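Structural features, examined
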Amino acid sequence: MAESLISIVIADNRVTAARFTADKRDLKIGAGDTAAFEKSNDFAKSLATVLENCAASSMACRVALGPEFFFFRTIELPFSDKKQIASILSFEIQDSVSLSEDEYIFDYLFVDDSSKGARVLAVLLKKEVIHNLLAILGKYELDPEIVTLSGVPGCHNFYRLTENRFETCYMLDVGISHAAVYLLKRGSVTLVRSIPVDPGRKAGFFLTKDTKKLGARNPENVNGVLQELGRNIQNTVVALRGDSSDTIDIPWCVGGPVGSVPEVKDALKKYLTLGDNFQNWVRYSKIDGAEAILMLWPTGLFDEVLALACCPNRDLQHINFRKDEFARRYNRKRLHKIIRSGSAVLLVAVLLAISGLILDYQRMKTERDSLASQVAEIYKETIPGSGRLVNPVQ
């Protein structure tokens, strides 16, 4: 039986979602929508609009939040035992942030580990954000199995769909307001940074539904904005790598609604001095119905939504904020359905067990009567003329 799934990405001051039906391993897209919002935490109205336009209610749900919602800390530890890291990490994080422990929830990724120690990427999210998110989704009877970091699904799928050709590469998702940089090593995200695209709105990028093209209110400023963006990205990466070289010698994959525009790609390739290290973003063209729905929107806008829907569940568990006080709970309808199904199975098992006992009893009774008959016959043959055989136990 086909199941419905809503995949939601809240990033770059925009809510983007698509509704799918899943039959075994095949996905078919049924609807897609997007809506912008002004402030980073003020997504409630836009999320409600998108959910209503996608007719999303009482179905499986996955959510990814953009890097701008999170705080990141890279922590180096003198040991690599995972149980020991899990027990001590909360104290290490608390020493490095100004928030109180009651204000945030965290998850983490292993960046590198060896006999000398481990490097961990801690990802922190304010509890207020996930609380508001779950409250809105709850009104539509949606209980997401995954609340993860946007970019993680895309990176995992990129590594899988490129057949592991790139052991190390950068993923650059350039949106209207933010550009997200991810460092991917052997299929795992080891570094995340969010960089403003057009902080002064000098170019004034915008998206429209009736065209595939990206608009700019001040096109004469686009080149300067992209040059500044490229310089900021390169400076950030060089600082993180501790490398003074001006050339980034690791493969780059550029996407997103702004990054997918050919002119933007060419400009970033130039300003980042990528040379031959530039790679095309991997598209999800095999999803049934995707082209008909997504052709209404600019290229790259739904990349992460599709990646989130396609990504295997095991890969999304590396960063998942449905934990601790926000752990997923079954709703009553689902729980009653499970109880009814379990009760039916239990009843059948009990009936089969009773039937087996009755059959065993009948078999053993028949064997006992047959044995008693044989004993009496042997007794009479051994002692002729004897009377009725009396059971000495009775």
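Residues numbered from 1 in each chain as written. Predicted model: local features only at pLDDT ≥ 70, side-chain atom pairs only at ≥ 80, totals over all residues. Heavy atoms only, no water.

**Overview of a nonpolar patch on the surface**
A contiguous nonpolar patch, built from L346, V350, I354 and I358 and spanning about 360 Å² of accessible area, is present on the exposed surface. Here I354 lies in helix α11 (residues 332-382). (Patch = residues over 30% accessible without salt bridge, like charges linked within 9 Å, V, L, I, M, F, W, Y side chains within 5 Å. Areas by Shrake-Rupley, 256 points an atom, 1.4 Å probe, with all protein chains shown as cover. Salt bridge = Lys/Arg side-chain N within 4 Å of Asp/Glu carboxyl O. Helix = DSSP H or I, 4+ residues; strand = E, 2+ residues; numbered from the N terminus.)

**Considerations on the packing of aromatic side chains**
Under the defined criterion, the tally for this structure stands at six aromatic pairs. Between F70 and F72 the ring centres are 6.3 Å apart and the planes differ by 45°, which places this aromatic pair in the tilted class. Judged on exposure class, the residue F70 and its partner F72 are both buried. Within the aromatic cluster, the residues linked to one another by ring pairs are F37, F43 and F69. Over the face of the ring belonging to F110 we find K82, whose NZ or CZ atom lies 5.3 Å from the ring centre. (Phe/Tyr/Trp six-rings, centres within 6.5 Å; stacked < 30°, edge-to-face > 60°. Buried < 20%, exposed > 50% of the residue type's maximum accessible area, 1.4 Å probe, protein only. Lys NZ or Arg CZ within 6 Å of the ring centre and 35° of its normal.)

**A few points about the packing of helix α4 (residues 152-161) against helix α9 (residues 303-310)**
With their axes 8 Å apart at the nearest point, α4 and α9 run at an angle of 70° to one another. As judged from the angle between their axes, α4 and α9 are roughly perpendicular. Taking contact as the criterion, the partners of V152, P153, G154, N157 and R160 in α4 are, on α9, E304, A307, L308 and C310. Of the residues that constitute the contact of α4 with α9, the class distribution is five nonpolar, two polar and two charged. (Axes fitted to C-alpha atoms, helices over the stretch in contact; angles between N-to-C directions. Parallel < 35°, antiparallel > 145°, perpendicular 65-115°, else oblique. Contact = heavy atoms within 4.5 Å. Nonpolar A, V, L, I, M, F, W, Y, C, P; charged D, E, K, R; others polar.)

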